[in-house]
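Spelled out, the chains give:
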Amino acid sequence: MNPSFDVLTRRIAEDGRVSADELLELRRSAWPDGVISKDEAEAIFALNRQLTERGPDWTDFFVEAIGEFVVNQIAPKGYVDDANAAWLMAQVDADGELGSMAELETLVRIFEIAKNVPQALKDYAIRQMETAVVEGTGPTRRGGDLEAGNVNATEARLLRRAIFAPASDRPAGVSQSEAEMLFRIKNVTLTADNAPEWKQLFVQGVASYVEGFATEAAQLDREKAIELERFMNDTSSSVGGFLMRMFGTLPDNEGLRQARDGSIGVFADREADAATGKVITKAEQAWLDRKIDQDGKVDEYEQALLDFLAEG
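Note that this is a predicted model, so its numbers are computed, not measured. (Residues numbered from 1 in each chain as written. Predicted model: local features only at pLDDT ≥ 70, side-chain atom pairs only at ≥ 80, totals over all residues. Heavy atoms only, no water.)

Description of the side chain of K122
In this structure, K122 sits in helix α7 (residues 119-135). One buried charged side chain, K122, makes no salt bridge at all; its nearest oppositely charged neighbour is D169, positioned 4.9 Å away. In terms of polar contacts, K122 uses its side chain to reach the side chain of N116, at 3.1 Å. (Helix = DSSP H or I, 4+ residues; strand = E, 2+ residues; numbered from the N terminus. Buried < 20%, exposed > 50% of the residue type's maximum accessible area, 1.4 Å probe, protein only. Lys, Arg positive; Asp, Glu negative; His and termini not counted. Salt bridge = Lys/Arg side-chain N within 4 Å of Asp/Glu carboxyl O. Polar contact = N/O pair within 3.5 Å; in protein donor to acceptor, adjacent residues only side chain to side chain.)

A few points about the confidence of the model for the chain
Scored by pLDDT, the chain has a mean of 81; 77% of the residues are at 70 or more. Of all the helices and strands in the chain, helix α13 (residues 254-261) carries the lowest mean pLDDT, 40, while helix α9 (residues 176-188) carries the highest, 96. Under a pLDDT of 50 for its full length, residues 246-277 has, in the predicted model, 45 contacts with residues more than four places off or in other chains. (pLDDT = per-residue confidence, 0-100. Contact = heavy atoms within 4.5 Å.)

Focus on helix α5 (residues 82-92)
Every buried residue of α5 is listed here: N84, A85, W87, L88, M89, Q91 and V92. Buried residues along α5 sit in contact with α3 (38-50), α4 (56-72), α6 (101-113) and α7.

Focus on the environment of G55
Mapped onto the secondary structure, G55 falls in the loop between α3 and α4. Residue classification places G55 among the partly exposed positions, given a relative accessible area of 31%. A sequence separation of 86 residues divides G55 from R141, and the C-alpha atoms of the two residues are 8.5 Å apart.

A look at the nonpolar core
Core analysis: the biggest nonpolar cluster contains 41 residues, and L26, W58, I66, V80, L88 and L121 have the highest contact counts within it. At 8 residues, α4 tops the list of elements feeding residues into this core. Ranked by size, the runner-up nonpolar core spans 35 residues in total, among them L146, A156, F202 and W287. (Core = buried A, V, L, I, M, F, W, Y, C linked by side-chain atoms within 4.5 Å.)

Quick look at helix α16 (residues 300-311)
With 12 residues, α16 should reach 16 Å at 1.5 Å per residue; the first-to-last C-alpha distance of 16 Å fits that figure. Listed as buried for α16 are Y301, E302, L305 and L309. All buried residues of α16 fall inside an arc of 100 degrees around its axis, so they share one side. Away from the buried face of α16 by more than 90 degrees, exposed residues A310 and E311 are located. The inward-facing, buried residues of α16 contact α9, α10 (196-211) and α15 (282-293). At the N-terminal end of α16, a side-chain oxygen is found 2.9 Å from the backbone nitrogen of Y301, two or three residues along, and the residue is D299. (Expected span 1.5 Å × (residues − 1). Arc of directions from axis to C-beta.)

Describing the packing of aromatic side chains
Applying the stated criterion to the full structure yields 10 aromatic pairs. Between W58 and F62 the ring centres are 6.0 Å apart and the planes differ by 45 degrees, which places this aromatic pair in the tilted class. In this pair, W58 and F62 both sit in helix α4, 4 residues apart, roughly one turn of the helix. Looking at F62, the relative accessible area reads 0%, which means it is buried. Relative to W87, the ring of F69 has its centre 4.9 Å away and its plane inclined at 65 degrees; by these criteria the two rings are edge-to-face. Of the two residues, F69 is situated in helix α4 and W87 in helix α5; the sequence distance between them amounts to 18 residues. For the residue pair F69 and W87, the accessibility class agrees, reading buried in each case. In this structure, K199 is placed above the aromatic ring of Y301, and the distance from its NZ or CZ to the ring centre is 5.3 Å. (Phe/Tyr/Trp six-rings, centres within 6.5 Å; stacked < 30°, edge-to-face > 60°. Lys NZ or Arg CZ within 6 Å of the ring centre and 35° of its normal.)

Remarks on the pattern of salt bridges
For the structure shown, the criterion picks out 12 salt bridges. In this structure, the salt-bridge partner of R11 is E22, at a minimum N-O distance of 4.0 Å. With R11 in helix α1 (residues 3-13) and E22 in helix α2 (residues 20-30), the pair connects residues that are 11 residues apart, well separated along the chain. By relative accessible area, R11 is classed as partly exposed at 38%.

Here is the structure:
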């Protein structure tokens, strides 16, 4: 790390706030070469923990810097590896709690800009989001506040961003883990003064799980991404051989259908997949029945969900 950056962060931490001039100094010192080092990222985290005032400008800097380090500093860009995921979780947990809105926004932003992240980080983010929405307080980066004990419109928007982000547990859809999180939040806040946006998210989110469809090809894992990057830089490789290696292990020859379509990550018969997903399987129905029967009655959120599914 640039020694001046360490001195700068320590000096800023003394009064617990970051002025506009100090923030400009941080940007100039952190990004002279377009790269955030691990030491610099750790110094930024340490400074965030010591601040008593965290304005939107600081949060923007924190989210940008940490997101850049975690997502784009190790090849291939866009893929968070296990080591960086473990580092991020350790930094957030350093003081035993989700220390600030800056950290929460960083988690959400990483899922928005990354192509994929390790499953451990996906599970971790679900837990953190649930805690933040149910217990968190304070202003968010994009306006509005978190309120403990209920789900307001701001919290509903934050949840929606996290759930439907490209690197989330089920990209462009809702996973079982995410649907179960929605049920837990609903149960805790059932009698609270919740925003209409929360009921809409609960209904649409759970319906997306039971009626949605997903494929392992929706996200390439980091190992396949590395192989893809090598292939793109190797003019001697066989296209056919590469596609067979890349997609041959996907279920039901999904990868070969993509290869015939001439693109990676684009489904030739996406409409057919979507139609198949609309059919609720026995396993999905059993899961839904268990969740609704858990307390022996159907509450207003569950009834709205059942009505929505019946209309579909």
